[in-house]
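The chain contents come next:
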Amino acid sequence: MRPIRIAPSILAWDLGDLRGAVEIAEQGGADQVHLDVIDGHFAPNITFGPGTVKALRRISDLTFDTHLMIDDPSAYAQKFLDAGSDILTVHSEVLDAKRFDELHSLVRSKGKALGLALKPATPLPAWAAERLDRLGCIMVMTVNPGFSGQTMDLSVMPKLAGISRLLDEKGVSADVEVDGGVEPENVHEVVSRGGNVLVAGAGVYAAKDPVATIRRLRDKAVHAREAAGQGGLAS
Ligand code: DX5
Ligand code: ZN
């Protein structure tokens, strides 16, 4: 059974106080910090780069899950690994089998994990389905990349359930990460379909008590997991 992991997305906090965002994640007992890197090309926003990741690495030992929403991940992967990323998640829309294999070799040579992200409308490509055993995680996005604070797109749920089933059938232990609009009220939707890494931006940082909300997300996820365990995966 994949462990539940809570990954606050610091993009949703005051960008002038990223240290504070990481401290909140630590105080709430988060498993990892989700770092959204956007280049203004792949998605319509510009966030931060390896320098920021490096600065945050100095203040935290939490797992850094760096979500590269950029057109050319191959050009920057090394820099984000050197900066202290533990998981590099790259988008399937800008990759093919060859580029993926090159990135995989690089990331594994550093002892780090590679994740593969899918926009809401993107199916799992055939080349990726043949390489599931090389993935640290598959990230199913439930909003279009760019901004925190959007509403979860529930039409993605059948894809999420299908990917979780596929991994189970193949005996692949990769995490199933869900990114976009996750909040305590909809955690059951994603956990009942096999999601185990819950990214939450506004769901944590726009809450009145972000630290307590991280714990609440985990409690909700554990309860949803128990309920799903009795009824099997939802579709
Ligand atoms: C969207 C990012 C998400 C986002 C999550 O481009 O990949 O990680 O910051 O924020 P919420 O949870 O507010 O949708
Ligand atoms: Zn993200």
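Above this text is the structure in question.
Draft legend 1. Structural view of helix 4 (residues 97-109). In this model helix 4 runs 18 Å from its N-terminal to its C-terminal C-alpha over 13 residues, within 8% of the 18 Å that 1.5 Å per residue would give. Of the positions making up helix 4, those classed as buried are Phe100, Leu103, His104 and Val107. Along the long axis of helix 4, the arc covered by the buried residues comes to 105°, so they all point the same way. The outward face of helix 4, more than 90 degrees from its buried face, is lined by the exposed residues Lys98 and Ser109. On its buried face, helix 4 is in contact with helix 3 (73-83), strand 4 (87-91), strand 5 (113-118) and helix 5 (126-129).

Draft legend 2. Structural view of the site of ligand 1. In the vicinity of ligand 1, 19 residues are found, and the nearest of them are Gly146, Gly149, Asp179, Gly181 and Gly201. With respect to ligand 1, the side chain of His34 contributes an N or O atom lying 3.3 Å from an oxygen atom. Against a free-state accessible area of 380 Å², the protein chains account for coverage of 99% of ligand 1. For the shell around ligand 1, the secondary-structure elements that each account for two or more residues are strand 2 (32-38), strand 3 (63-69) and strand 8 (197-200).

Draft legend 3. Expanded view of the pairing of strand 6 (residues 137-141). Of all five residues making up strand 6, five are buried, and the element is well covered by its neighbours. The side-chain alternation of strand 6 yields two buried faces, one formed by Cys137, Met139 and Met141 and the other by Ile138 and Val140. Pairing of strand 5 with strand 6 involves four bridges; the strand directions are parallel. Counterpart to Gly115 in the pairing with strand 6 is Cys137. As paired elements, strand 6 and strand 7 (residues 175-179) share five bridges and run parallel to each other. Within the sheet, the bridge partner assigned to Met139 lies in strand 7 and is Glu177. As for the winding sense of the linkage, the β-α-β connection from strand 6 through helix 6 (residues 157-170) to strand 7 is right-handed.

Draft legend 4. Fine view of the packing of helix 3 against helix 4. At a minimum axis distance of 11 Å, the contact between helix 3 and helix 4 shows a crossing angle of 10°. What the angle tells us is that helix 3 and helix 4 run roughly parallel. Contacts between helix 3 and helix 4 involve Pro73, Ser74, Ala77, Gln78 and Leu81 on the former and, on the latter, Arg99, Leu103, Leu106 and Val107. Across the contact of helix 3 with helix 4, the residue classes tally to six nonpolar, two polar and one charged.

Draft legend 5. Summary view of the side chain of Thr142. If you trace the backbone, Thr142 turns up in the loop between strand 6 and helix 6. Other than its neighbours up to four places away in sequence, Thr142 contacts Pro120, Thr151, Met152, Asp153, Val156, Met157, Val178, Asp179 and Gly180.

Draft legend 6. Structural view of the coordination of the zinc ion (ligand 2). Taken together, His34 (NE2), Asp36 (OD), His67 (ND1) and Asp179 (OD) make up the full set of protein donors to the zinc ion (ligand 2), lying 2.0 to 2.3 Å away. Here the donor residues of the zinc ion (ligand 2) share one chain and are spaced in sequence as H-x1-D-x30-H-x111-D. Asp36 shares its class with His34; the two are buried.

Draft legend 7. Structural detail: the packing of helix 2 (residues 50-57) against helix 3. The N-to-C vectors of helix 2 and helix 3 enclose an angle of 15°; their axes lie 8 Å apart at closest approach. By the angle between their axes, helix 2 is roughly parallel relative to helix 3. As helix 2 packs across helix 3, the resulting crossing turns out to be right-handed. Residue-level inspection shows Pro50, Val53, Lys54 and Arg57 of helix 2 in contact with helix 3, the latter providing Lys79, Phe80 and Ala83.

Draft legend 8. Summary view of the sheet that holds strand 3. Taken in spatial order, the eight strands line up as 1-8-7-6-5-4-3-2 in an open sheet, and their pairing is parallel. This sheet does not close on itself; its edge strands, each paired only once, are strand 1 (5-8) and strand 2. Taken pair by pair, the neighbouring strands of this sheet meet at an average axis angle of 25°, ignoring direction. In the packing of helix 3 onto the sheet, the strands contacted are strand 2, strand 3 and strand 4, and the crossing angle to strand 4 comes to about 165°. Helix 6 contacts strand 5, strand 6 and strand 7 of the sheet and is inclined by roughly 170° relative to strand 6.

Calculation notes
- Residues numbered from 1 in each chain as written.
- Chains lettered and ligands numbered in written order.
- Predicted model: local features only at pLDDT ≥ 70, side-chain atom pairs only at ≥ 80, totals over all residues.
- Heavy atoms only, no water.
- Helix = DSSP H or I, 4+ residues; strand = E, 2+ residues; numbered from the N terminus.
- Expected span 1.5 Å × (residues − 1).
- Buried < 20%, exposed > 50% of the residue type's maximum accessible area, 1.4 Å probe, protein only.
- Arc of directions from axis to C-beta.
- Contact = heavy atoms within 4.5 Å.
- Near = heavy atom within 4 Å.
- Polar contact = N/O pair within 3.5 Å; in protein donor to acceptor, adjacent residues only side chain to side chain.
- Areas by Shrake-Rupley, 256 points an atom, 1.4 Å probe, with all protein chains shown as cover.
- Pairing = 2+ DSSP bridges.
- Right-handed = clockwise from strand over helix to strand, strands pointing away.
- Axes fitted to C-alpha atoms, helices over the stretch in contact; angles between N-to-C directions.
- Parallel < 35°, antiparallel > 145°, perpendicular 65-115°, else oblique.
- Nonpolar A, V, L, I, M, F, W, Y, C, P; charged D, E, K, R; others polar.
- Donors = N, O, S within 2.8 Å, 3.2 Å for Na, K, Ca; no water.
- Left-handed = near helix turned anticlockwise from the far one by under 90°.

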